[in-house]
Amino acid sequence: MKPQKYDRRSFLKKSALAGTAATGAVLAAPAVLAQSPIVVKMQTSWPASDIWDEFAKDYAMRVDEMSGGRLKVDVLPAGAVVAAFQVLDAVNDGLLDAAHSVPVYWYGKNKAASLFGTGPVFGGSATTMLSWFYEGGGSELYRELTQDIMGLDIVGYMGFPMFAQPFGWFKGEVNTVADLQGFKYRTVGLAADLMQKLGMSVAQLPGGEIVPAMERGVIDAFEFNNPTSDRRFGAQDVAQNYYLSSYHQASESFEFLFSKTFLEDLDPDLQAIMKYAVEAASTANTAKAMRQYSTDLAELQEAGVNVRRTSKEILDAQLAAWDELIPELEQDEFMKRCLDSQREWVERVAYYELMNAPDYALAFEHYFPGKLAL
């Protein structure tokens, strides 16, 4: 598949040059290029019905328009070529040119993947950690992990700082750590280790498998990510207690994966478009998520779902569990360097963020009294 694509591009370039030599300005290169846009085959890790499929298409639209139609990103849902958790292998092996996913989905290959979005929360938000990726040394550590340590033919960028993921869906109330004992719970990555320390057993499943697993009794509690995705796959049909706020995945972003070979074969301006469209889509995704997540949360409440905030006891227990996990993770030299880098970044940057931020909850309560239940 890939060699044909490269040959086509080479053929187009040679044809343009030959045509110019033979006929002067009669056949301009843009006319030739317009006949054969380069198709970028991108699969997501999300069902076509998920809002995140829309987010991937926001990226595709920007690449198309910024390239003047020279690049066409063909967005495919999970399962179109490979399963949701297999997109990294597919991009590395050349089955896909690109993927839209999250690093935690290849946590099984290397636990360090989870540090790029779903690791310990030192006090920084997803925006703090996305900034760490681009300005605090995270991107170089990610390159070292994927290319040097794992030997993969991939390039990756992060985009869309996700809102902290809810603790999740439960059939009854859970207010204390004792209430969690024995639950069979769905999560992914290092959050699985975290929740096991809180007394739950864990199944790591793609989003599309969660509700069927609940219906079969494979799990009896779960989290995925946000009110819109949860509502669309029917979380409210299998549980009625929805707990917001958690430290298990509070700093995640999307991973835009590209075949390094494919990307480097593109002309420099097209490479730049593929890269910087991630930043453009990140802003668009954030705005859309704010609108849609809040709308769907309200509709879940109207449908009878009990929306609650996770108790301080459980949040404190999560931090204590991270305290136990971190020394275990730091036995790996690379992971220790990642965690040291993140701590240094958060201590400096989040100090400024937190000291500078006014109490938004106080202002909200002032104008919408009685609505918050913190």
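Above this text you will find the structure in question.
Values in this document were obtained by computation on a predicted structure and should not be read as measured data. (Residues numbered from 1 in each chain as written. Predicted model: local features only at pLDDT ≥ 70, side-chain atom pairs only at ≥ 80, totals over all residues. Heavy atoms only, no water.)

How would you explain helix α5 (residues 126-135) if you had to name every residue and give the values?
Of all the positions in α5, only Ala-126, Thr-128, Met-129, Leu-130, Trp-132 and Phe-133 are classed as buried. The elements touched by buried residues of α5 are α6 (138-149), β4 (154-161), β10 (253-259), α11 (268-302) and α13 (333-356). Its side-chain oxygen placed 3.3 Å from the backbone nitrogen of Thr-127, Ser-125 serves as the N-cap of α5. Two residues or fewer past α5, Gly-137 is found with a positive phi of approximately 100°. (Buried < 20%, exposed > 50% of the residue type's maximum accessible area, 1.4 Å probe, protein only. Helix = DSSP H or I, 4+ residues; strand = E, 2+ residues; numbered from the N terminus. Contact = heavy atoms within 4.5 Å. Polar contact = N/O pair within 3.5 Å; in protein donor to acceptor, adjacent residues only side chain to side chain.)

Describe the sheet that holds strand β3 (residues 98-101), with residues and values.
One open sheet accounts for five strands, arranged β2-β1-β3-β10-β4; its pairing is mixed. Only two strands of the sheet have a single partner each, and these edge strands are β2 (71-76) and β4. The mean inter-strand angle of the sheet, taken between neighbouring strand axes irrespective of direction, is 25°. Summarising the sheet, β4 and β10 pair through seven bridges and their orientation is antiparallel. Along β10, the bridge assignment pairs Tyr-157 with Phe-256. Contacts from α5 reach β4 and β10, with the element oriented near 150° to β4. α11 rests against β1 (38-44), β2, β4 and β10 of the sheet, and its axis sits at about 30° to β4. (Pairing = 2+ DSSP bridges. Axes fitted to C-alpha atoms, helices over the stretch in contact; angles between N-to-C directions.)

Which residues make up the sheet that holds strand β6 (residues 184-186), and what are the values?
Strands sit in the order β7-β6-β8-β5-β9-β11 across an open sheet of six strands; the sheet is mixed. Unpaired on one side and paired on the other, β7 (201-203) and β11 (306-309) mark the two borders of the sheet. As judged from the three bridges shared by β6 and β7, these two strands associate in the parallel manner. Following the sheet pairing, Lys-184 is matched in β7 by Ser-201. Where α11 meets the sheet, it contacts β5 (168-170), β9 (241-244) and β11, and its direction lies at approximately 145° from that of β9.

Report on unusual backbone geometry, specifying residues and quantitative values.
One non-glycine residue with positive phi stands out, namely Phe-160, at about 65°. Even without a glycine there, the phi angle at Ser-245 is positive, about 85°. Structurally, Ser-245 can be placed in the loop between β9 and β10.

Which residues make up the layout of surface pockets, and what are the values?
Volume-wise, the largest pocket comes out at about 1900 Å³. Contributions of two or more residues to the lining of the largest pocket are made by α5, α11, β11, α12 (312-329) and α14 (360-367). In terms of residue count, the dominant contributor to the lining of the largest pocket is α11 (eight residues). Split into classes, the residues belonging to the lining of the largest pocket amount to 25 nonpolar, twelve polar and six charged. (1 Å grid on protein atoms, 1.4 Å probe; cavity = no way out; pocket = protein on both sides within 12 Å on 5 of 7 lines; lining within 4 Å. Points joined across faces, edges and corners; volume = space filled by probe spheres on them. Nonpolar A, V, L, I, M, F, W, Y, C, P; charged D, E, K, R; others polar.)

Before we move on, can you summarise the pairing of β9 with the specific residues and values?
As paired strands, β5 and β9 are joined by three bridges and run antiparallel to one another. Each residue of the ladder has a partner; that of Phe-170, found in β9, is Asn-241. Where β9 lies against β11, four bridges are found, and the strand directions are parallel. Considered in β11, the bridge of Asn-241 is made with Asn-306.

Would you mind going over the packing of α5 against α13 in detail, with residue names and values included?
Closest axis-to-axis distance for the α5/α13 pair is 10 Å, and the angle between their directions is 120°. On the basis of their axis angle, the class for α5 and α13 is oblique. Like other packed secondary-structure pairs, α5 and α13 cross with a definite hand, here right-handed. Each of Thr-128, Met-129, Ser-131, Trp-132 and Glu-135 in α5 lies in contact with α13, whose residues at this interface are Cys-338, Ser-341, Gln-342, Trp-345, Val-346, Val-349 and Glu-353. Along the lines of polarity and charge, the residues of the contact of α5 with α13 split into six nonpolar, four polar and two charged. (Parallel < 35°, antiparallel > 145°, perpendicular 65-115°, else oblique. Left-handed = near helix turned anticlockwise from the far one by under 90°.)

Account for the pattern of salt bridges, with residues named and values stated.
Following the criterion strictly, the structure yields 24 salt bridges and no others. Residue Lys-260 pairs with Glu-264 through a salt bridge whose shortest N-O separation is 3.0 Å. Of this pair, Lys-260 and Glu-264 both sit in helix α10 (residues 260-265), four residues apart, which is roughly one turn of the helix. Exposure remark for Glu-264: the relative accessible area of 49% places this residue in the partly exposed category. For Lys-336, the salt bridge is made with Asp-340, and the minimal N-O distance between the two is 2.9 Å. In this pair, Lys-336 and Asp-340 are both assigned in helix α13, four residues apart and thus about one turn of the helix distant. Residue Lys-336 is classed as partly exposed on the basis of its relative accessible area of 35%. (Salt bridge = Lys/Arg side-chain N within 4 Å of Asp/Glu carboxyl O.)

Everything listed is a geometric property; what it means functionally is a separate question.
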